[in-house]
Protein chains: 2
Amino acid sequence: MARRPTVYDVAKLAGVSTATVSFAFRRPDEVRDSTREAVLQAARELGYVPSGAARGLARGGTGVLGLQSFDLLTESDILSPEAQHPNDGPPDPRVFPLYVDEVQRGFELECRQRGRSVHISNDPRTPQDVTDHAGRVDGLAVFPSRAGLSGVAGVLESVVRTVPIVLFSMGGVSADDAFHRVQADNDGGARALIAHLVDHHDARRLTFLGDLAAPDYQERFTAITDELATRGLAPPAAPLTTSPHTATGDHTATDDTASEGLPAANDAADIAAIITDISVTDLPDAFVCASDQIAIALIEQLTRRGVSVPADVIVTGFDGILASRVLHPTLTTVRQPMADMGRTAARILIEEAEKRSGSGRTVILPTALVLGESCGCESITAA
Amino acid sequence: MARRPTVYDVAKLAGVSTATVSFAFRRPDEVRDSTREAVLQAARELGYVPSGAARGLARGGTGVLGLQSFDLLTESDILSPEAQHPNDGPPDPRVFPLYVDEVQRGFELECRQRGRSVHISNDPRTPQDVTDHAGRVDGLAVFPSRAGLSGVAGVLESVVRTVPIVLFSMGGVSADDAFHRVQADNDGGARALIAHLVDHHDARRLTFLGDLAAPDYQERFTAITDELATRGLAPPAAPLTTSPHTATGDHTATDDTASEGLPAANDAADIAAIITDISVTDLPDAFVCASDQIAIALIEQLTRRGVSVPADVIVTGFDGILASRVLHPTLTTVRQPMADMGRTAARILIEEAEKRSGSGRTVILPTALVLGESCGCESITAA
DNA sequence: TTGAAAGCGCTACCAT
DNA sequence: ATGGTAGCGCTTTCAA
């Protein structure tokens, strides 16, 4: 493949200046027709592809929005081995699309509509990864992740001073900073769920499943506890306490070295262990899971051990991902408006990239209780 | 938000040269510890985020791979109005994830694994859009699309001379060029499907549904026709003939002006019209659809008009998207290894970005017949 | 180990 | 309408 031709090459071949070449492309109507044609012709002839880097440099600002995704592979850790096909295989809703995927899709759709392209970057392993990615975009949307470790999150504090950043699902953190936030109404959703479980199913002994290090999960847990208290009920059992390491998604500049040497935190593994250890002989009235994925993995495990849902015990999820509707039993869960969250984030980034206001906005989107078979509200129609 | 600090700012604050700043980041071990610390400290203090553009320019080559996606919105055109929620709503497998989404996911996963980030660009509307996007990446993967219109596809011929490009699902086109191709074994899959329909269900009168302008669809149609001929049967009826405009995904440099003024081709609309017009009184033995989406829309329409599948007529799909497994009746279809296709494309691009060999590779991945309820092979368990 | 300086390819301002 | 040209911010020899 040949060296990429440049404006100079095109200019020479077309017998014009580089300025004219640039204009021919960017301001077609400010160039005489014949000239423009000559330039375009020369460009085609040379296979000229303008360097995005050079352009971005010269103009300052690329029309690109970034999405800090994270390693989806570890997401399936709580699933039974069969579900973890490494390569291809039939579509499995337990693996895709998940929460992140739906949010990402909304983000992409909005960007598409507003003429922006999307830059998807890996789970950052070092602070450098973060700055490198941030340096390529006009704004960055970030999912919470185990990146809270090793100072990766801390760097965001620094980055946000020059690049607009919106944090997904990071409620509960000091909102008095430059970060923008987009989150779901965990509180309202969790309360509605508990109200249903208690008032309608007379559930009293609940067990909560989920790593409280995740801001979202923590919010849900708190709301659940409070809503139970309101009814004079005891807080839910929560077998998983906050991990010793810095909280998932925590982005405060905490002592990095403390967690630097830790093995990658893996709440999936923790959850998996707990699910496996659950006592089948002493079941609560309901397992209230912090996410649909956890609920699904739990049901799978319970079923395997002869416990039937919802006959023997109620199980609820949270998120409302596709799998919660197409697997059986369908999940009683709280749906987050994922696509909307993605779209909102993109919108904020686009606006903010221009206004450059200093303080962060927070948008909380409504959630909705969705009744399914796993609480006994719908009859199970198929296996 | 402050002006983005540059190397110069950091250099000055740290009391070193810009070269040292650069080294401190990119070659940490070639800089004295104390110096490096000073630089890092200064950088943090300033909220320094290195410009990706500048870096890309200076080094030539960004670690980014591009994916030319296309406007998913029009994809749902053949669905009943209810399915076309503009914003959020419960997850609907008829809308997501589709073929492109699964391929995209594979592409992303592979990139993630190989340390590349992904640049997702919109459906190009002008040749410029194509070059602009191509100019930002080290390699580009492209889906077939209506972009064949208005010369958008033609420009790829020019672009491929300087940027590695892999074409998805574009079989049947002259393979003697610089394009790399990743496609599914349409021929084998279609033949297996026909063999099943004819040998097992004794189907003889078939109707094919799908715009033959799509290379994939054309391949399937040809294989179907041939396989039927092999059995001494008549070719399938194909109510939709090739559109008058340049073929979808066609990237040969055809006369642009001819199609320039045309309204955006919309095979979805064509299909929708045909589906609506289908005579309920003169049904074939089976409707062999070019894609799962078409099959699903068809079944929806048939059901609405009192025709039951598979009791009254058999319907088959192609692709094996998630919806084909979770809706009822489940589809008898041919599955493409979508994630693998995406991964393969990424792999090719990464390798090729280095080797820069001149000629294109073509990889054909295997397909697999999947039996479902829509041909009567499985009993329908739920509505 | 660190500094000076020459680009990388494009845009945009100032002339003409 | 077109040309000359000074940067944009970073990397990378080459010297010191």
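Summary of the structure given here. For every chain, the first residue of the written sequence is number 1, and numbering continues from 1 along that sequence. To read the labels, note that chains go from A and ligands from 1, taken in the order they are written. In keeping with the predicted nature of the model, local features appear solely for residues at pLDDT of at least 70, side-chain atom pairs appear and are counted solely at 80 or more, and the whole-chain, interface and lining totals rest on all residues. Computation of side-chain values: all heavy atoms of the structure, hydrogens and water removed.

Now for the overall build of chain A. Numbered from the N terminus, helices here are DSSP runs of H or I no shorter than four residues, and strands are runs of E no shorter than two. Within chain A, the secondary structure is distributed over 14 helices and 11 strands. Relative accessibility thresholds used throughout: buried, under 20% of the residue-type maximum; exposed, over 50%; partly exposed, between the two (1.4 Å probe, protein chains only). Expressed as a percentage of its 383 residues, the buried residues of chain A come to 57%. Pairs at least 24 apart in sequence give 75% of the contacts found in chain A among residues at least 6 apart. Each accessible area value is a Shrake-Rupley result obtained with a 1.4 Å probe; residue values ignore everything except the protein chains displayed when judging cover. Surface summary for chain A: the accessible area is close to 14,800 Å², and the carbon and sulfur share equals 53%. Contact between two residues is taken to exist if any of their heavy atoms lie within 4.5 Å; hydrogens are not considered.

All names here are of chain B. Residues of helix H1 (residues 7-14) that are buried include every one of Val10, Ala11 and Ala14, and no others. Down the axis, H1 shows its buried residues gathered within 100° of arc, on one side only. Opposite the buried face of H1, at more than 90 degrees from it, the exposed residues are Tyr8 and Lys12. Those residues of H1 that are buried are in contact with helix H2 (18-26) and helix H3 (33-46). Counting of polar contacts relies on pairs of N or O atoms within 3.5 Å, with two restrictions inside protein: one atom must be capable of donating a hydrogen and the other of accepting it, and residues adjacent in sequence are counted only when both atoms are side-chain atoms. For H1, the N-terminal capping position is held by threonine 6, with its side-chain oxygen 3.1 Å away from the main-chain nitrogen of tyrosine 8. Phi turns positive, to about 70°, at glycine 15, one or two residues after H1. Read the arc as the range of directions from the helix axis to the C-beta atoms.

Here the focus is unusual backbone geometry. The omega torsion of the bond from Val309(A) to Pro310(A) falls at 10°, within 30 degrees of zero and hence cis. One can find Pro310(A) in the loop between helix H12 (292-304) and strand S8 (314-316). The residue after His328(B), namely Pro329(B), is reached through a cis peptide bond having omega -5°. If you trace the backbone, Pro329(B) turns up in the loop between helix H13 (323-326) and strand S9 (333-335). Residue Ser169(B) is not a glycine yet carries a positive backbone phi of 50°. Within the secondary structure, Ser169(B) is located in the loop between strand S4 (165-168) and strand S5 (180-184). Given a relative accessible area of 2%, Ser169(B) falls into the buried group.

Whenever strands of a sheet pair, they do so through backbone hydrogen bonds, lying parallel or antiparallel. All names here are of chain A. Strand order in this open sheet of 3 strands is S6-S7-S8, and the pairing throughout is parallel. Strands at the two margins of the open sheet, each flanked by one partner only, are strand S6 (206-209) and S8. Each strand of the sheet is rotated relative to its neighbour by a mean of 20°, with strand direction disregarded. Two strands qualify as a pair provided that DSSP identifies no fewer than 2 bridges between them. Inspection of the sheet shows strand S7 (residues 286-289) paired to S8 by 3 bridges, in the parallel sense. Pairing of phenylalanine 287 across the sheet is with valine 315, part of S8. Angles here are taken between N-to-C directions and fall from 0 to 180 degrees, while the axes themselves are lines fitted to C-alpha atoms, restricted in helices to the stretch in contact. In this fold helix H8 (residues 186-201) packs onto S6, S7 and S8, with an angle of close to 165° to the strand it touches most, S8.

On to the environment of Ile278(A). Structurally, Ile278(A) is set in the loop between helix H11 (267-277) and S7. Once you skip the residues sitting within four places of it in the chain, Ile278(A) turns out to touch Leu209(A), Leu283(A), Phe287(A), Leu298(A) and Arg305(A).

Moving on to the relation of the copies chain B and chain A. The operation relating chain B to chain A is a screw motion whose rotation component is 180°, with 0.1 Å of axial translation and a residual RMSD of 0.1 Å. These values place the two chain copies in the arrangement generated by a two-fold rotation axis. Comparing contact sets, 100% of the residues at the interface of chain B also lie at the interface in chain A, consistent with an isologous, same-surface contact. Residues reaching a pLDDT of at least 70 in both copies supply the C-alpha atoms on which the copies are superposed by least squares.

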